[in-house]
Amino acid sequence: MDPPSPISNKQIAAIFYDVADLLDIKSVKFKPAAYRRAAHEIETLAEDIALTSERGKLEEIPGVGSNLAGKIREILETGRLAHLEKLKQEIPRGVLELSEIGGIGPKKALILTRELGITDREELDKAARAGKVRGLPGFGEKSEKNILQSIRALKSTGRRFLLGDILPAAEAIRKRLEMLPGIQVISLAGSIRRRKETIGDVDILAASKDPEKLITEFCLLPEIDRILGRGPTKSSIILTSGVQVDLRVVDKDQYWAALVYFTGSKDHNIALRRRALDRNWKLNEYGITSLSDGTMLKAQTEQDLYHMLDLQYIEPELREDRGEIEAAIKGTLPSIVPYGAVKGDLHVHSAWSDGKHSIRELAEGAKVLGYEYIAVCDHAWNPRIARGLDETAIVKQQKEIEQINRELEGFMVLAGIECNIDPDGNLDIGNKILGDLDVVVASVHSGLDMPKAAMTARVLTALHNEQVNILGHPTGRIIQQGEPAQMDFPVIWDAAVAQAVALEINAAPSRLDLSDTNCRIARGHGTRFSIGSDAKSVENLMFMELGVATARRGWLEAGDIINTVPLRDLLRLLES
Ligand SMILES: [Zn+2]
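Keep in mind it's a predicted model, so treat the numbers as computed, not measured.

Domain boundaries in the protein define domain 1 (9-90), domain 2 (95-158), domain 3 (161-250), domain 4 (254-330) and domain 5 (344-575). Contacts between the two partners involve eight residues from domain 4 and, on the opposite side, seven residues from domain 5. The largest share of the area that domain 4 buries against domain 5 comes from Glu317, Leu318 and Arg322, three residues that together contribute 77% of it. The interface formed by domain 4 and domain 5 holds four salt bridges in total. Here Arg552 ties to Glu317 by a salt bridge, and the two come within 2.8 Å at their closest N and O atoms. Across the contact surface, domain 4 and domain 5 share four residue pairs in polar contact (both at pLDDT 80 or more). Of the residues assigned to the side of domain 4 that touches domain 5, the class counts are two nonpolar, one polar and five charged.

This part covers the coordination of the zinc ion. The protein atoms donating to the zinc ion are Glu418 (OE), His445 (NE2) and His473 (NE2), with metal-donor distances spanning 1.9 to 2.3 Å. Look at Glu418 and you get buried, because its relative accessible area is 1%.

What follows is about the nonpolar core. By size, the foremost hydrophobic cluster in this structure holds 95 residues, and its most contacted members are Ile192, Val202, Ile374, Val413, Phe529 and Ile531. Among the elements that take part in this core, helix 10 (residues 163-178) stands out by supplying six residues, more than any other. Each of domain 3 (161-250) and domain 5 (344-575) gives at least three residues to this core. Once you skip the residues sitting within four places of it in the chain, Phe529 turns out to touch Ala502, Leu503, Ile505, Leu514, Cys519, Ala522, Arg523, Leu556, Asp560, Ile561, Ile562 and Asn563. Judged by nonpolar contacts, the second largest core, of 44 residues, contains Tyr35, Ile42, Ile91 and Ile104.

Moving on: the pairing of strand 11 (residues 344-348). Among the five residues that make up strand 11, five are buried, leaving the element largely enclosed by the rest of the structure. Relative to strand 12 (residues 373-379), strand 11 runs parallel, the two sharing three bridges. Along strand 12, the bridge assignment pairs Asp345 with Ile374. Handedness of the strand 11-helix 17 (residues 359-368)-strand 12 crossover: right-handed.

This part is about the pattern of salt bridges. A complete count under the given rule lists 34 salt bridges for this structure. Among the salt bridges present, the one from Arg226 reaches Asp225, with a minimum N-O distance of 2.8 Å. On the accessibility criterion, Arg226 (15% relative accessible area) is buried. With a relative accessible area of 41%, Asp225 lands in the partly exposed category. The salt bridge involving Glu315 is made with Arg552; its shortest N-O contact spans 3.4 Å. With a gap of 237 residues between them, Glu315 in the loop between helix 15 (302-308) and helix 16 (324-330) and Arg552 in helix 23 (residues 544-553) connect regions that are remote in the sequence. Overlapping salt bridges, with partners in common, bring together Arg194, Glu320, Arg322, Asp516 and Arg553 in one network.

Quick look at the state of the cysteines now. A covalent bond bridging the sulfur atoms of two cysteines is what the word disulfide describes. Applying the stated criterion across every chain, the model contains zero disulfides. Cysteine Cys377 shares no disulfide, and the gap to the nearest cysteine sulfur, in Cys419, comes to 9.5 Å.

Attention now goes to the sheet that holds strand 6 (residues 234-239). One open sheet holds the five strands; their spatial order is 2-4-7-6-5, and the pairing between them is mixed. In this open sheet, the two edge strands, each paired with only one partner strand, are strand 2 (183-189) and strand 5 (224-230). The average angle at which neighbouring strand axes cross in this sheet is 20°, direction not considered. Note that strand 2 and strand 4 (residues 202-208) share six bridges and pair antiparallel. Directly across from Ile186, in strand 4, lies its bridge partner Ala206. The sheet contacts of helix 13 (residues 255-263) involve strand 2, strand 4 and strand 7 (244-250), and relative to strand 2 the element is tilted by about 15°.

The next point concerns the environment of Leu369. Here Leu369 shows up in the loop between helix 17 and strand 12. With 29 residues separating them in the primary sequence, Leu369 and Gly340 have C-alpha atoms 9.8 Å apart. Those residues within four positions of Leu369 in sequence are excluded, and the remaining contacts are Leu541 and Met542.

What follows covers the sheet that holds strand 10 (residues 296-297). Across the sheet, three strands lie side by side as 8-9-10; this open sheet has antiparallel pairing. The open sheet has two free edges, formed respectively by strand 8 (281-284) and strand 10, since each of these has just one partner strand. Two strands pair when backbone bridges link them, and strand 8 and strand 9 (residues 287-290) are joined in this way by four bridges, in the antiparallel orientation. In the sheet register, Lys282 faces strand 9, and the bridge partner there is Thr289.

The subject of this paragraph is unusual backbone geometry. With an omega of -5°, the peptide bond between Gly264 and Ser265 qualifies as cis. Along the chain, the position of Ser265 falls in the loop between helix 13 and helix 14 (266-278). The phi torsion at Arg195 lies on the positive side, around 60°, for a residue other than glycine. Positionally, Arg195 belongs in the loop between helix 11 (190-193) and strand 3 (198-199). Of note, the phi angle at Asp534 is positive, near 55°, even though the residue is not glycine. Position of Asp534 among the secondary structure elements: in the loop between strand 17 (529-532) and helix 23. A relative accessible area of 7% means that Asp534 is categorised as buried.

An ideal rise of 1.5 Å per residue puts 22 Å on 16 residues; helix 10 measures up with 21 Å between its terminal C-alpha atoms. When we look at burial in helix 10, the residues that qualify are Leu163, Gly164, Ile166, Leu167, Ala170, Ile173, Arg174 and Leu177.

Our focus in this paragraph is the packing of helix 1 (residues 9-25) against helix 4 (residues 66-78). The geometry of helix 1 relative to helix 4 is characterised by a closest axis approach of 11 Å and an angle of 125° between their N-to-C directions. When the axis of helix 1 is compared with that of helix 4, the two are oblique. In terms of crossing hand, the pair formed by helix 1 and helix 4 is right-handed. Facing helix 1, whose interface residues are Ile12, Ile15 and Phe16, helix 4 presents Leu68, Lys71, Ile72, Ile75 and Leu76. Tallied by class, the residues present in the contact of helix 1 with helix 4 amount to seven nonpolar, no polar and one charged.

A few words now on the packing of helix 20 (residues 452-463) against helix 21 (residues 489-498). Closest axis-to-axis distance for the helix 20/helix 21 pair is 10 Å, and the angle between their directions is 5°. When the interaxial angle is binned, helix 20 and helix 21 end up roughly parallel. Facing helix 20, whose interface residues are Thr456, Val459, Leu460 and Leu463, helix 21 presents Val491, Ile492, Ala495 and Ala496. Residues that form the contact of helix 20 with helix 21 fall into these classes: seven nonpolar, one polar and no charged.

Scoring rules and cut-offs
- Residues numbered from 1 in each chain as written.
- Predicted model: local features only at pLDDT ≥ 70, side-chain atom pairs only at ≥ 80, totals over all residues.
- Heavy atoms only, no water.
- Domains from an automatic or database assignment.
- Contact = heavy atoms within 4.5 Å.
- Buried area = accessible area lost by both parts, 1.4 Å probe.
- Salt bridge = Lys/Arg side-chain N within 4 Å of Asp/Glu carboxyl O.
- Polar contact = N/O pair within 3.5 Å; in protein donor to acceptor, adjacent residues only side chain to side chain.
- Nonpolar A, V, L, I, M, F, W, Y, C, P; charged D, E, K, R; others polar.
- Donors = N, O, S within 2.8 Å, 3.2 Å for Na, K, Ca; no water.
- Buried < 20%, exposed > 50% of the residue type's maximum accessible area, 1.4 Å probe, protein only.
- Core = buried A, V, L, I, M, F, W, Y, C linked by side-chain atoms within 4.5 Å.
- Helix = DSSP H or I, 4+ residues; strand = E, 2+ residues; numbered from the N terminus.
- Pairing = 2+ DSSP bridges.
- Right-handed = clockwise from strand over helix to strand, strands pointing away.
- Disulfide = S-S within 2.5 Å.
- Axes fitted to C-alpha atoms, helices over the stretch in contact; angles between N-to-C directions.
- Expected span 1.5 Å × (residues − 1).
- Parallel < 35°, antiparallel > 145°, perpendicular 65-115°, else oblique.
- Left-handed = near helix turned anticlockwise from the far one by under 90°.

This is how it looks when you write it as structure tokens:
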């Protein structure tokens, strides 16, 4: 028989925290605080508590008297605590679940269960709707309303948010927490770290010398709408934007394994676990354990962990079980485009059309970002597009751009246009004018529901226009709102290669078009790409990061993207 697996300090602390929660529900005074204090001391104890016990020094742990020392010994010997089992039997099923709903503490949860027999969220929802809650002791109409609101918020967590709407707020929270004393390392995890185009909730993982302080500060964030749950090392909140943020705090030793585990994806993790098992190891959120002798193999970084499994390091954006493990085994993973590789933005709108800022303001904003160039691609005039530029305006705008370029040093504004591709594939500006411009983006803006054959012919005609450099937001999809147009995509990709037209990765949060998977497929055909923010303001220039994230998820390298090259090389590319 295997020797019983050693009980960690953390497991003992967890049992004590559970006891405290259950005692709270029973309205026992003072004892919950004593259990919590002891749990906290045990968690942060430098020594393995089994050793402390062997040395007979348990009662030297602050907050641990003879009673609690006995309970610790019981857990160490049997792996469980009879007192906790008994408490669990005394407390009706469902009380714990109810007590996690905002506005309901353990006490109220107990009343709901005793008086109305409610054991889960759905039953509570029904009772509150029927007005049965307001009459209970300690409840009123207002608390009934709050309960319904909390349940609605819990339900709405099924909703998905656009990456671009959530990422800046998530990063801001991470940065604020990073400043706290005791923080050793903190990172976004989950799908937001993988930069998926939509996000269900935000995961943050941290290692800290003072988890309690971290959780407290997390629950005091100004953008909080409500706290869903709060424990010693884990807490969940809902921001006023409606997005749920989960924070987990782990030991520094376990951090890297936990980061891989909580970054996912699930399928990627399953593949990693399988690979660990082939080596007779167990991989989980705590680390890698040898199955033959139970020793822990410590990873100092995420890279370490992948290397231990004889894999190339796999960037978070690639962890979707889309062949990255196989490529990492063979050493053939692409070196995906770094976030800082983009040297300019090839799709921005100025106040000449539907943008908010002048060309000069956009240029100055772009310089701050370290760019060498931007292409001002305002909309061409079209009966369907408000505030587009006609041929006279294009010539006037070019003069303004020339003037700005004379004044700016080490930076160039390229004169461009975003032409509309009409149903026949023609552009709304004549080729003579287009020939004088540096960059011509051609995009479909209407009639996206055309039959596949007609749409394919339409886009092919545009690709064959010698003046076109970039096919703008190629599929026309709007995330969660509009389906992509139907086209014979392989034919489009091949034509783009033959005509030397770059496919745009439009980085506007609701577009991200081409998508990650389409990028990867098109790259297989040999296409080149251009990342454009489609900015309507200086602030929107920041969308570029989302476009780069999409390119990374699409396995693109810097060399696949035309705006990673310096200005001189770009001009040569655009002329060819
Ligand atoms: Zn457009």
